[in-house]
Amino acid sequence: MNRLSLVNTIVAAAALVAVGSACVAVFAANPPEAPAVLLIQNATILTVSHGTIEHGSILIKDGKIAEVGTSIKAPSGAQIVDANGQFVMPGIIDCHSHIGVDGSVNEGSISVSSIANIADVLNPEDIDIYRDLAGGVTTANVLHGSANAIGGQTVVIKLRWGQPAARLPFEGAVPGIKFALGENPKRSNFSIPGQPKRYPATRMGVEETIRGAFTEARDYKKAWEEYNKRAGAGEKNLIPPRRDLRLEPLVEVLEGKRYVHSHCYREDEILMLLRVAKEFGFKVRTFQHVLEGYKVADEIAASGAGASTFSDWWAYKVEAYEAIPYNAAIMTKRGVIVSINSDDAEEATHLNQEAAKSMKYGGMSHEEALKMVTINPALQLGIDKRVGSIDVGKDADLVIYDHDPLSAYAVVQKTLIDGRVYFDRERDVADRGTLEKEKKALLEKERKAAEKKADEKKAEEKKSGGKPEEKKPEDKPKPPKDATAAGGAL
Amino acid sequence: MRRFGAGQAFLIGGVFVVAAQVAGAQSQAPAAYAITHARIFTVSGAPIDDGTLVIRDGKIAAVGANVEIPAAAQVIDGKGLQVYPGLFDAVTQMGLSEISAVSATVDSAETGLYNPDVVAATAILPSSEHIPVTRAAGITEVLAVPGSGGFDFSGSRGVIGGQASAIHLSGWTIDEMLIKKSVAMVVNWPEIETRTFDFATFSRKEKPFAEAKKEYEKQVSELTELLERARHYAVAVEHQKTADFRRDVKLEALVPVVRGQLAMLVVTDRGRDIRNAVEYADKQKLKIIIAGGTEAYKVKDLLRSKSVPVILRPPLTLPSEEDDPYDRLLSQPAELAKAGVRFAIGSFDNSFARRLGQNAANAVAYGLPYDEALKAVTQYPAEILGLGDQVGTLEVGKMANVIVTNGDPLEVTTDVRYLFIKGRLTSTDNKHQRLYEKYLNRPKAAE
């Protein structure tokens, strides 16, 4: 998309229009088969963990990588993928995504919306899941929006297109919560007429919103601990503390059971959150966007937080005016684990190219650049034992390109998740004729139905003889676009 | 980077380069340069493997395998390097919009529906930070297009947005930067839009098709009336000695349009709207260029038969419809090229102007021949905008807007080593590089 739609809330607004104008339903494909044994042969394998293997093979058994090397014999019955002249890399992990969310990503009415959970509103039929899959993305950190200092709960998903919503979450991945600092939570760039200004309206207030919430969460935690202790000691007739669904996720943060992914831009707010985290004894797992991270890279590195940033976005708002494309390179040099993210369904389709830009801006090596969309985001999301590199025992989440992926000329040929081919360019192209026919047939059916209805109406009017009844708006024949949009709900 | 004396070694991205004298944006420069032993892509002809390009008095003086080097010329050894015309970004808001979210920094769109008299050049800020950032990516000239807001989906755009100006990206003042003040009249084609986003209530609004169509027809008839008045005005202008002649700045601005001297740059994306705009221009006998063209493929035969050129939005854009193929926009340039439609690719942005080459390369990945992609960001925008005699290729006599790179200028990892704008060796220094150097050298923070 192009693409000044960089302010989350406005993105969401625009998305509403975009979704509304989509005309024909795309029926989620059936999930692909799961071959018991699959062998990818003759490929240049970018393992990320142990260099590049020329003319290599990857043996996949039951969705896991069973063997990686140059002289793997195909077991009998194995499905073979010949990747001669092609490149295989680990599936891309997007550490900041909003795909597959049904409706708005922002519960923007309150400044602490920790009660909301993105995992509850996953839409497995969102076409952006498929489009990002076609861009090599296999795992996405699906985040709540940035309208609130403390936002909603977040979920890591695998892009298993065609599977029901319950099959999207990445099994065992630590859940997260979105924080946001700066212009978005203080609502600098948007005000809704007729609505009062919401606290916080300054960076000072953003800090206090977070401190206030964690002060409550700390007390709440203590109250439960006290209760559990006394109940454990066998005390009778105890009244448990009243449950608070807003504070529970924050208690999980304090206990290290929920990751904090904090949207931020400016250097001062980054240090602010580190101070608050220290005060309450929790960790910031990742700073998101973190476009001025390069100014305080040592401090971020010392805290152990990761940084997930854009390749070259800048100047769309004041807090992005000192954003530089060298951000990732500087933070990496200073010891921060850095990933390149999308925040946008389109941007996610070429994260490989976005990572490559750090070779130009800051002189990163090919391997370092590749890490920023594979093992680094895996580390940031705590899923590095499962994904992020091509190693025996890991999930067979792989992308096959026709070219070195760190290039604008690389095209995804296949994307595999758990050893299943969820995206196959050849198949996609081959199926287009059928889809086109199906669409035409549906439109025709719709048109005929509308005509028939109109004819019936006419006949009725004739029969009644008198003046034609005044048409109700819903009786007007709708243009095909609207009619089929209604069908889209199926 | 800062300025470096001739022969001084400096470090960019881990690679040592021997720099010739890289002037600041607009300092005194030698009258002549010769880039020698480089692979030269003239775009107008076949690449020259071991060639020399001579620049003199702001223009390309000679290019070829056996070219005499003027005695006074500063020689740049181009061994291992490649030479191209600078890229031309055919739709930007360069200098008109600094920070798109801050309206005080945005001068891209007037209020009101019909503003033919406003001119981009008037409000282009020569010291915009976007300019050095953009030229460092090898873009040497742009079209600055008025008529829509800082956010391109803001919805608050008029029908006639004003006059687009072509500038090259180096100069102290707009006068030094101007290639041509009035290149095209921007028309945001009225669209039949049943669904809009209402920023006042922050909600989606729907209106019946009939109502949307009525609004569309109203705007088109207003446009027609305005053009009709401009035609009458054009006749009156010729006889303006009459005492009762009263000047009208808006109609005056439209005179070159109705005379067919100034093209309309019609911003529109849907197939139906493009068709309406093209048929309208045909009927009204107006010159038309389509800008946007997301669904140009739907009307490719019409575009070819009427010889209407298109400036395409970035191919790195998701399709407009849910059931479109995922690569609908990526493969469109290839489809249009095959169908014989003339097109360029533009960034339609400032911050992302530097992705122009990347966008063209992605079109190649999805089937567009490489030469066509390169032309789509050099020669074709120049020709489409009527500036083909001045920029877009490395031909003798053209403005010396030249880039010297370490590789393919469309690839995301390629560096621009030398940049010439109007024959001057121009610095690739910019805000981003300065901040990089500053913070790269930040002393280690105390624990």
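Small disclaimer: the values here were computed from a predicted structure and weren't measured.

Rules behind the numbers
Residues numbered from 1 in each chain as written. Chains lettered and ligands numbered in written order. Predicted model: local features only at pLDDT ≥ 70, side-chain atom pairs only at ≥ 80, totals over all residues. Heavy atoms only, no water. Helix = DSSP H or I, 4+ residues; strand = E, 2+ residues; numbered from the N terminus. Buried < 20%, exposed > 50% of the residue type's maximum accessible area, 1.4 Å probe, protein only. Contact = heavy atoms within 4.5 Å. Areas by Shrake-Rupley, 256 points an atom, 1.4 Å probe, with all protein chains shown as cover. Pairing = 2+ DSSP bridges. Axes fitted to C-alpha atoms, helices over the stretch in contact; angles between N-to-C directions. pLDDT = per-residue confidence, 0-100. Salt bridge = Lys/Arg side-chain N within 4 Å of Asp/Glu carboxyl O. Disulfide = S-S within 2.5 Å. Patch = residues over 30% accessible without salt bridge, like charges linked within 9 Å, V, L, I, M, F, W, Y side chains within 5 Å. Parallel < 35°, antiparallel > 145°, perpendicular 65-115°, else oblique. Left-handed = near helix turned anticlockwise from the far one by under 90°. Nonpolar A, V, L, I, M, F, W, Y, C, P; charged D, E, K, R; others polar.

## A few points about the overall build of chain A
The helix and strand inventory of chain A stands at 12 helices and 16 strands. Burial statistics for chain A: of 490 residues in total, 56% are counted as buried. Of all intrachain contacts in chain A linking residues separated by at least 6 positions in sequence, the fraction that spans at least 24 positions is 71%. On chain A, roughly 20200 Å² of surface is accessible, and the fraction owed to carbon and sulfur atoms is 53%.

## Let's talk about the sheet that holds strand β11 (residues 178-188) of chain B
Residue and element names in this part refer to chain B. Here we have eight strands laid out as an open sheet, ordered β8-β9-β10-β11-β14-β15-β16-β17, and mixed in their pairing. Each end of this open sheet is capped by a strand with a single partner; those strands are β8 (87-92) and β17 (343-345). Going from strand to strand, the sheet's axes swing by 25° on average, the running direction of each strand aside. Bridge count for strand β10 (residues 160-168) against β11 is six bridges, and the pairing is antiparallel. For alanine 164, the partnering residue across the bridge sits in β11 and is alanine 184.

## Let's talk about the confidence of the model for chain A
Detailed reading of the predicted coordinates is not advisable wherever pLDDT falls low. Residues and elements named next belong to chain A. Residues with a pLDDT of 70 or more make up 88% of chain A, whose mean pLDDT is 90. Ignoring residues within four places in sequence, the model shows residues 1-28, a span with pLDDT below 50, making 92 contacts including any to other chains. Ignoring residues within four places in sequence, the model shows residues 468-490, a span with pLDDT below 50, making 21 contacts including any to other chains.

## Side note on the pattern of salt bridges
Counting across every chain of the model gives 60 salt bridges over all chains. Among the ionic pairs, A:Glu347 bridges to B:Arg355, the shortest N-O distance being 2.8 Å. Of the two residues, A:Glu347 sits in the loop between β13 (338-340) and α8 (351-360) while B:Arg355 sits in the loop between β17 and α9 (356-365), which places them in two different chains. Within this structure, A:Lys64, A:Lys158, A:Arg160, A:Arg167, A:Glu171, A:Arg386, A:Asp395, A:Asp397 and A:Asp418 form a network of salt bridges that share partners.

## Overview of the sheet that holds strand β7 (residues 137-142) of chain A
Residues and elements named next belong to chain A. Read from one edge to the other, the open sheet built from eight strands follows the order β6-β7-β8-β9-β10-β11-β12-β13, with strand pairing classed as mixed. Looking at which strands have only one partner, the edges of the open sheet turn out to be β6 (92-97) and β13. This sheet shows a mean twist of 25° between the axes of neighbouring strands, independent of strand direction. Strand direction decides the pairing type here: strand β9 (residues 176-180) and strand β10 (residues 259-264), joined by five bridges, are parallel. Looking at the pairing, lysine 178 lines up with histidine 261 of β10.

## Points about the state of the cysteines
All names here are of chain A. All chains considered together, the criterion is met by zero disulfides over all chains. Considering cysteine sulfurs only, cysteine 264 is the nearest to cysteine 95, which forms no disulfide, with 12 Å between them. Judged by relative accessible area, cysteine 95 falls into the buried class, the value being 0%.

## Digging into helix α5 (residues 249-258) of chain B
Residue and element names in this part refer to chain B. Those residues of α5 lying buried are Leu251, Ala253, Leu254, Val255, Val257 and Val258. Looking at the buried positions of α5, the neighbouring elements they touch are β10, β11, α4 (209-238) and β14 (263-268). Glycine 260 sits one or two positions beyond α5 and adopts a positive phi of about 75°.

## Points about a nonpolar patch on the surface
Side chains of A:Ile110, A:Ile115 and A:Leu245 sit close together on the surface and give an oily, nonpolar patch of about 260 Å² of accessible area. Along the polypeptide, A:Ile115 turns up in the loop between β6 and α2 (127-133).

## Re the packing of α4(B) against helix α6 (residues 271-284) of chain B
All names here are of chain B. Closest axis-to-axis distance for the α4/α6 pair is 13 Å, and the angle between their directions is 25°. By the angle between their directions, the pair α4 and α6 is classed as roughly parallel. For the pair α4 and α6, the sense of crossing is right-handed. Here Phe209, Tyr216, Val220, Leu223, Thr224, Leu227 and Arg231 of α4 lie close against α6, whose contacting residues are Arg272, Asn276, Tyr280 and Gln284. Grouping the amino acids of the contact of α4 with α6 by side-chain chemistry returns six nonpolar, three polar and two charged.

## Some words on the packing of α4(B) against α5(B)
Residues and elements named next belong to chain B. Interaxial distance between α4 and α5 falls to 8 Å at its minimum, and their mutual angle equals 90°. Here α4 lies roughly perpendicular to α5, going by the angle between them. Residues Leu226, Leu227, Arg229, Ala230, Arg231, Tyr233 and Ala234 of α4 pack against Leu251, Glu252, Leu254, Val255, Val257 and Val258 of α5. Class assignment for the residues of the contact of α4 with α5 results in 10 nonpolar, no polar and three charged.

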